[in-house]
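Structure at a glance
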Amino acid sequence: MQNPQDVLPDELRKRLDIGNFKDKEWDSAPSTITPHDTLVRKTWRFHAENVHDFAFTADPTYRIGEATWNGVRCVALAQEPHCSGWQNAASYNAKSIKAHSDWFGLYGYPKMVVADARDGMEYPMLTLDGGSDPDYRGLFVHEIGHNWFYGMIGNNETYRAMLDEGFTQFLTAGGLSVIDGDTMVEDTPKTSY
Ligand SMILES: [Zn+2]
């Protein structure tokens, strides 16, 4: 982002912080941060190097979480009604970048975004995701993992699907086991034996 002071000044960034909404009931109606009749046109300027594709996602209910690993800015964009389930999204994003970097090769971009879009897709430095913690972890590790093959190596995911999806599945399994261990319980059983 080239012009944060123009589009996302500190005062606005604080109001959009995901931590402000940690106790908000899941799927309850979002609040209004900037009333519609006070909106002014803004131009967000981005610059990226060594990318062969781009995408953007926009939503007035996005709230922001941030973490860093090794200088990589790891961002989470969660829809406000989902913020209670996305509190660790930015830090899990950072853990995913670290796990893949330690194992497969250092992440080469300066940023990674996990965005709440109710489905999964990968772009350089941006992944669309859905769900909530802990079930979204596999999706994060997977879509972020695409940035090694589809992203940095730049292979054609249509013509060489095995190199892209195949290696990414391999990275997903390895990354998850590094971060969460061999077994992760997503739904704790209600009864014990
Ligand atoms: Zn995939």
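Residues numbered from 1 in each chain as written. Predicted model: local features only at pLDDT ≥ 70, side-chain atom pairs only at ≥ 80, totals over all residues. Heavy atoms only, no water.

1. Some words on the coordination of the zinc ion
Our working rule: Donor atoms (N, O, S) are those found within 2.8 Å of the metal centre, with the cutoff raised to 3.2 Å for Na, K and Ca; water is not part of the atom list, so apparent gaps in a site can occur. Each helix is a run of DSSP H or I of at least 4 residues and each strand a run of E of at least 2, with the numbering of both proceeding from the N terminus. Whether a residue is buried, partly exposed or exposed follows from its accessible area with a 1.4 Å probe, protein chains only, as a fraction of its type maximum: under 20%, in between, or over 50%, in that order.
Every protein donor of the zinc ion is accounted for by His-142 (NE2), His-146 (NE2) and Glu-165 (OE), and the metal-donor separations fall at 1.8 to 2.0 Å. Site description for the zinc ion: donor spacing in sequence, H-x3-H-x18-E. Taken together, the residues span about one helical turn, with His-142 and His-146 both in helix α4 (residues 137-153) at a distance of 4 residues. The buried category is assigned to His-142, whose relative accessible area is 11%. His-146 gets classed as buried once you look at its relative accessible area, which sits at 1%.

2. Brief notes about the nonpolar core
The tendency in soluble globular proteins is for nonpolar side chains to be buried side by side. Rule in force here: Nonpolar core, defined: a set of buried Ala, Val, Leu, Ile, Met, Phe, Trp, Tyr and Cys residues in which side-chain atoms within 4.5 Å join the residues together.
One finds Trp-86, Ile-97, Tyr-107 and Phe-140 to be the most contacted residues of the largest nonpolar core, which totals 42 residues. When residues of this core are traced back to their parent elements, those giving at least two are β1 (62-69), β2 (72-79), α3 (89-104), β3 (111-116), β5 (126-129) and α4.

3. Some words on the environment of Gly-85
We count it as follows: When checking whether two residues touch, look at their non-hydrogen atoms; a contact exists if any pair is within 4.5 Å.
Within the secondary structure, Gly-85 is located in the loop between β2 and α3. For Gly-85 and Leu-139, which are 54 residues apart along the polypeptide, the C-alpha to C-alpha distance reads 14 Å. Non-local contacts of Gly-85, meaning those with residues more than four positions away in its chain, are made with Trp-26, Ser-132, Asp-133 and Tyr-136.

4. What to know about helix α5 (residues 161-180)
The line we're drawing: Helix span, as expected, comes to 1.5 Å for every residue beyond the first.
Helix length check: α5, at 20 residues, gives a terminal C-alpha distance of 27 Å against a target of 28 Å (1.5 Å per residue), a fit within 8%. Along α5, the residues that are buried comprise Asp-164, Thr-168, Leu-171, Thr-172, Gly-174 and Gly-175. Residues of α5 that are buried sit in contact with α3, β4 (121-123) and α4. In the stretch just after α5, Gly-181 is the one whose phi turns positive, near 85°.

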